[in-house]
Amino acid sequence: MNKALLALIVAPFFALSAANAVASDTTDASAETIQEFTEMCISWAKEDDVSDEAIYNYVLKCVNDELTSEGYNKVTAVKI
């Protein structure tokens, strides 16, 4: 009985650690991939009439959204 109770208590911790291991399994995107996403996001910014002052933040957020949706790590800067 005690072993079953212990298993019920410990099991969620193993599940959480396994989920964290899978979640941290991302890799860095190649410079080419980042450049492609940057160009795409710049194009979208122009279509959305984003101001010159706001374009950098728009593109950085857009690139990071695309990277994470493809399973890559985020970047801290983009070259526009």
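Everything below is about the structure printed above this text.
Residues numbered from 1 in each chain as written. Predicted model: local features only at pLDDT ≥ 70, side-chain atom pairs only at ≥ 80, totals over all residues. Heavy atoms only, no water.

A.B. asks: Describe in detail the nonpolar core, supporting the description with residues and values.
C.D. replies: Ile-34, Cys-41, Val-59, Val-63, Leu-67, Val-75 and Val-78 are the most contacted members of the largest nonpolar core, which totals 14 residues. Where this core is concerned, the elements lending two or more residues are helix H2 (31-47) and helix H3 (55-69). Looking at this core element by element, the count peaks at 6 residues for H3. In this structure, Val-59 is in contact with Thr-38, Cys-41, Ile-42, Val-78 and Ile-80, ignoring residues within four places of it in sequence. (Core = buried A, V, L, I, M, F, W, Y, C linked by side-chain atoms within 4.5 Å. Buried < 20%, exposed > 50% of the residue type's maximum accessible area, 1.4 Å probe, protein only. Helix = DSSP H or I, 4+ residues; strand = E, 2+ residues; numbered from the N terminus. Contact = heavy atoms within 4.5 Å.)

A.B. asks: Lay out the environment of Thr-38 with the relevant residues and their values.
C.D. replies: Structurally, Thr-38 can be placed in helix H2. With relative accessibility at 1%, the residue Thr-38 sits in the buried group. Between the C-alpha atom of Thr-38 and that of Cys-62, which follows or precedes it by 24 residues, the distance is 8.0 Å. If near-sequence neighbours (up to four positions away) are discounted, Thr-38 is found in contact with Val-59, Val-63, Val-78 and Lys-79.

A.B. asks: So what about the state of the cysteines? Which residues, and what values?
C.D. replies: Tallied over the entire structure, the rule returns 1 disulfide. Each sulfur of the disulfide joining Cys-41 and Cys-62 lies 2.0 Å from the other. Residues Cys-41 and Cys-62 are joined through a disulfide that is left-handed, its torsion about the S-S bond being -75 degrees. Highlighted residues: Cys-41 in helix H2 and Cys-62 in helix H3, separated in sequence by 21 residues. Each member of the pair, Cys-41 as well as Cys-62, is classed as buried. (Disulfide = S-S within 2.5 Å.)

A.B. asks: Explain H3 to me, using residue names and the numbers behind them.
C.D. replies: Its 15 residues place the ends of H3 21 Å apart at the C-alpha level, agreeing with the 21 Å of an ideal helix rising 1.5 Å per residue. Looking only at H3, the buried set comprises Ile-55, Val-59, Leu-60, Cys-62, Val-63, Asn-64 and Leu-67. For H3, the elements touching its buried residues are H2. Gly-71, located one to two residues past H3, shows a positive phi value of around 90 degrees. (Expected span 1.5 Å × (residues − 1).)

A.B. asks: Outline H2, listing residues and values.
C.D. replies: Taking 1.5 Å per residue, 17 residues should reach 24 Å; H2 reaches 24 Å between its end C-alpha atoms and fits that length. Of the residues making up H2, those classed as buried are Thr-33, Ile-34, Phe-37, Thr-38, Cys-41, Ile-42 and Ala-45. Contacts made by the buried residues of H2 are with H3. Residue Asp-49 follows H2 closely and has a positive phi angle near 55 degrees.

Take it as geometry only, folks, not as evidence of what the structure does.
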